[in-house]
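For reference, the chains in residue letters:
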Amino acid sequence: MSHQVELEERFQARIDAEQKIEPKDWMPDAYRKTLVRQISQHAHSEIVGMLPEGNWITRAPSLRRKVALLAKVQDEAGHGLYLYAAAETLGVSRDELYDELHTGKAKYSSIFNYPTLSWADIGAVGWLVDGAAIMNQVPLCKCSFGPYARAMVRVCKEESFHQRQGFEIMMTLSHGSPAQKQMAQDALNRWWWPSLMMFGPNDDASPHSAQSMKWKIKRYSNDDLRQKFVDVMVEQAEVLELTIPDPDIKWNEERGHYDFGEINWEEFHNIIRGNGPCNKERLAARKDAWDQGLWVREAATAYAAKRKKKAS
Amino acid sequence: MQEYLLHLADNALILGHRLSEWCGHGPALEIDMAMTNISLDLIGQARNLYAYAAELEGQGKTEDDLAYLRDVNGFRNVLLVEQPNGDFAQTIARSFFYDSYNYFYQKALCESHDKQLAAIAEKSLKEVAYHLRWSSEWAIRLGDGTEESKQKMQAAIDDLWSFRGELLTPAAYEIEAAKAGYGVNPLEIKEEVEKKLQEILLEATLDLPADGWMHSGGKTGRHSEHLGFILAEMQFLQRAYPDSTW
Amino acid sequence: MNSEFPLWEVFIRSHGGLNHKHVGSLHAADADMALENARDVYTRRQEGVSIWVVPSEAITASDPEDSDPFFEPAKDKIYRHPTFYKVPDNVKHM
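Note that the structure is predicted; figures quoted are calculated from it, not measured. (Residues numbered from 1 in each chain as written. Chains lettered and ligands numbered in written order. Predicted model: local features only at pLDDT ≥ 70, side-chain atom pairs only at ≥ 80, totals over all residues. Heavy atoms only, no water.)

(A) How the structure looks around the overall build of chain A. For chain A, the helix and strand inventory stands at twelve helices and two strands. Traced from its N-terminal end to its C-terminal end, chain A shows the element sequence α-α-α-α-α-α-α-α-α-β-β-α-α-α. Over its C-alpha atoms chain A spans a radius of gyration of 21 Å, differing by no more than 12% from the 20 Å that the globule rule assigns to 312 residues. If one aligns the C-alpha atoms of chain A with their principal axes, the spans along those axes are about 65 × 55 × 35 Å. Considering only residue pairs separated by 6 or more positions, chain A has 77% of its internal contacts joining residues 24 or more positions apart. Of the accessible surface of chain A, which amounts to about 13500 Å², a share of 53% is contributed by carbon and sulfur atoms. Distance from the positive charge centre (41 side chains) to the negative charge centre (43 side chains) of chain A: 9 Å. (Helix = DSSP H or I, 4+ residues; strand = E, 2+ residues; numbered from the N terminus. Rg over C-alpha atoms; globule rule 2.2 N^0.38 Å. Contact = heavy atoms within 4.5 Å. Areas by Shrake-Rupley, 256 points an atom, 1.4 Å probe, with all protein chains shown as cover. Lys, Arg positive; Asp, Glu negative; His and termini not counted. Charge placed at Lys NZ, Arg CZ, Asp CG, Glu CD.)

Structure (structure tokens):
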């Protein structure tokens, strides 16, 4: 048996035994690459995700809503930071990862390329998008790669108020004036399908899934998680007295789940290709922040060097 | 006392609003988060003060009525805090000017004979002490960093210098507040504020601009054009959908 | 020019009397900034009463390759643990 095969078998045995892999441990190149790709995509999604919601910080309709939203968007920055740090343990720098984002080489969750058009969108994003994110993220707390799993534990702990914040906004609007209720319904109409897309392509069209499951990076399939999400959300929408924009939603006694309609995958792929309503703005905003911050970071580095020199 | 409380609250709210505009656009993730923390502190301070002002007014108003349903001429914040963010150096200069004043102000306000106001000041002082530390350190880093950052920081200090005067010039309601024992006359803290300012600018290797013409007006409701746009944005939903619950 | 700040490891004491525990990392130009960033990033929900920051490059870690010679030898020294020793059930306070 060649050395490489032996290492790989030992690696897989550790994973099968639910042991955590740590950064300095031996790991197959493909495992490392998959993780860097997934963790950095996840990190990018957090910081690009700050933008559509950040939009409404200055327009939040009450001071209580304003501080909640501000704290929430700040959490996304923190989550991005924890995740970049997890990726950095694998030997890439945050600079390199940013560069991949800014040049369009790296992807982020396509949901953030939709615009937030009304205050109810802040409710819908919190309720649906964070709801979907939590469903994706909770299993990642048990991911085989230690730093990613630990970052996700922290993220999930902090995330717990986000969805409640969104639900509360939706609840207040749907039980408010007719204009507010309509605002909430309109937001649900626009955000429902994109949230379902957040779970990724159907299982039979998801090429990396099987390997990721074997490595215990991924624990549940895209379709399983999506189904779980639909089941939960149908019932929550009833509490909100809002209508999910899918005429095919129906309880299926035999399956014990809700059936739902076909997702428009063409729209999904189009947005991934860069043709979403806000792709350009989102990327430009991140790039501007980074570029315009260059002189600030250089100044701090120069000052630190001067001080070190003085001290020595 | 109403006007005095509104002055304190408006300062905190408007600067908090400005800093919140940075959220998602900071020069590094860590700095982004720091600015948001400061913004959250300031809006929190404003909420405490509005709630108290509303309570004293006794007409069943809320913090939101005071923040969202007054027009430009009803606001009593200083002109400095409504100035645009500009580049990072301008944001730091604005914060540093405000924090170096606010720290000594809150410290003095802890001695207020009004128990509730003193309690609010005591809580705020802990936050403001951190704000001052943060903005001072950044003023020094930028001032004594690279050639480019020094030039930008000096330009920001020069640009905003003429808004400093208003901080230390008492409005009628401040004089009255100090006389009645519940508030602070900024002249009482002038010496400490200027000393701190000089000390930090010296360490930042920046030049102290000459005291020339100083703007005023914010404290009495005569604002720059900027405030109208801030309020248009901030109050939009409350104005477009009156009497709604959010 | 690479404008990235160096990496720091953050350790936080969550309550008086407990150890500092590693909670994560961050970027900062110098120690002061690292301390403040740690405060702003890792203690927003009252997670701590004291913070240590250490440049990541100052940490020397054991090599996973060495884990057998490092940690296996302790395995069979069961006489270091109280359960190794037999004491009659009626002996109290031991």
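(B) Main features of the environment of Ala 285 of chain A. Within the element layout of this structure, Ala 285 of chain A appears in helix α11 (residues 279–292). In contact with Ala 285 of chain A, other than residues within four places in its own chain, are Leu 51 of chain A together with His 25 of chain B.

(C) Structural detail: the interface of chain B and chain C. With ten residues of chain B at the interface, the matching set in chain C holds eleven residues. Of all residues in chain B, the largest losses of buried area upon contact with chain C belong to Glu 30, Met 33 and Tyr 130 of chain B, amounting jointly to 47% of the total for that side. Summed over the shared surface of chain B and chain C, the number is two salt bridges. Note that Arg 133 of chain B is salt-bridged to Glu 36 of chain C, the shortest N-O span being 2.8 Å. Across the chain B-chain C interface, the total number found is five residue pairs in polar contact (both at pLDDT 80 or more). Those elements that provide at least two residues to the side of chain B that touches chain C are α2 (29–57) and α6 (115–143) of chain B. Classifying every residue of the side of chain B that touches chain C by side-chain character gives five nonpolar, one polar and four charged. (Buried area = accessible area lost by both parts, 1.4 Å probe. Salt bridge = Lys/Arg side-chain N within 4 Å of Asp/Glu carboxyl O. Polar contact = N/O pair within 3.5 Å; in protein donor to acceptor, adjacent residues only side chain to side chain. Nonpolar A, V, L, I, M, F, W, Y, C, P; charged D, E, K, R; others polar.)

(D) Layout of the packing of helix α6 (residues 146–174) of chain A against helix α9 (residues 222–240) of chain A. Residues and elements named next belong to chain A. Viewed as axis vectors pointing N to C, α6 and α9 meet at an angle of 40°, and their least axial separation amounts to 9 Å. In terms of axis orientation, α6 runs oblique to α9. Only Met 233, Gln 236, Val 239 and Leu 240 of α9 make contact with α6, whose side of the interface consists of Gln 163, Phe 167, Met 170, Met 171 and Ser 174. Residue composition of the contact of α6 with α9, by class: six nonpolar, three polar and no charged. (Axes fitted to C-alpha atoms, helices over the stretch in contact; angles between N-to-C directions. Parallel < 35°, antiparallel > 145°, perpendicular 65-115°, else oblique.)

(E) Examining helix α5 (residues 88–109) of chain B more closely. Between its first and last C-alpha, α5 of chain B extends 30 Å over 22 residues, near the 32 Å set by a 1.5 Å rise per residue. The buried fraction of α5 of chain B is high, at 19 of 22 residues. (Expected span 1.5 Å × (residues − 1). Buried < 20%, exposed > 50% of the residue type's maximum accessible area, 1.4 Å probe, protein only.)

(F) Representation of the interface of chain B and chain A in the model. Across the boundary between the two partners, chain B contributes 49 residues, which contact 48 residues of chain A. Contact with chain A buries area across many residues of chain B, yet Leu 29, Met 33 and Trp 246 of chain B alone supply 18% of it, more than any other trio. Where chain B touches chain A, the interface holds two salt bridges. One salt bridge in this structure joins Arg 94 of chain A and Glu 30 of chain B, with 2.6 Å as the shortest N-O distance. Linking chain B with chain A are 14 residue pairs in polar contact (both at pLDDT 80 or more).

(G) Geometry of the nonpolar core. Core analysis: the biggest nonpolar cluster contains 193 residues, and Trp 119 of chain A together with Phe 88 of chain B have the highest contact counts within it. No other element matches the 15 residues that α2 of chain B contributes to this core. Sequence-distant contacts of Trp 119 of chain A, defined by excluding residues within four places in its chain, comprise Trp 56, Ala 60, Pro 61, Arg 65, Leu 69, Ile 169, Leu 173 and Met 183 of chain A together with Leu 237 and Trp 246 of chain B. (Core = buried A, V, L, I, M, F, W, Y, C linked by side-chain atoms within 4.5 Å.)

(H) Up close: the packing of helix α12 (residues 294–311) of chain A against α6 of chain B. Here α12 of chain A crosses α6 of chain B at 85°, and the two axes come no closer than 8 Å. Relative to α6 of chain B, the element α12 of chain A is oriented roughly perpendicular. Counting all contacts with α12 of chain A, which are made through Trp 295, Val 296, Ala 299, Ala 300 and Tyr 303 of chain A, the residues of α6 of chain B involved are Trp 138, Ile 140, Arg 141 and Leu 142 of chain B. For the contact of α12 of chain A with α6 of chain B, the class distribution of residues is eight nonpolar, no polar and one charged.

(I) Just the packing of aromatic side chains, in detail. Considering all chains together, one arrives at 26 aromatic pairs over all chains under this definition. A ring pair is formed by Tyr 31 of chain A and Trp 215 of chain A, whose centres lie 5.4 Å apart and whose planes are at 85°; its orientation type is edge-to-face. Pair noted here: Tyr 31 of chain A is in helix α2 (residues 29–54) and Trp 215 of chain A is in the loop between α8 (209–214) and α9, with a separation of 184 residues, a long-range link. Overall, Tyr 31 of chain A belongs to the buried group, its relative accessible area being 0%. Centre to centre, the rings of Tyr 79 of chain C and Phe 84 of chain C are 6.3 Å apart; their planes meet at 75°, and the pair counts as edge-to-face. You can call Tyr 79 of chain C partly exposed: its relative accessible area is 41%. Through successive ring pairs, a cluster of aromatic residues spans Phe 11, Trp 26, Tyr 31 and Trp 215 of chain A. Here the guanidinium or amino end of Arg 70 of chain B rests over the ring plane of Phe 75 of chain B, the centre of that ring lying 4.2 Å away. (Phe/Tyr/Trp six-rings, centres within 6.5 Å; stacked < 30°, edge-to-face > 60°. Lys NZ or Arg CZ within 6 Å of the ring centre and 35° of its normal.)

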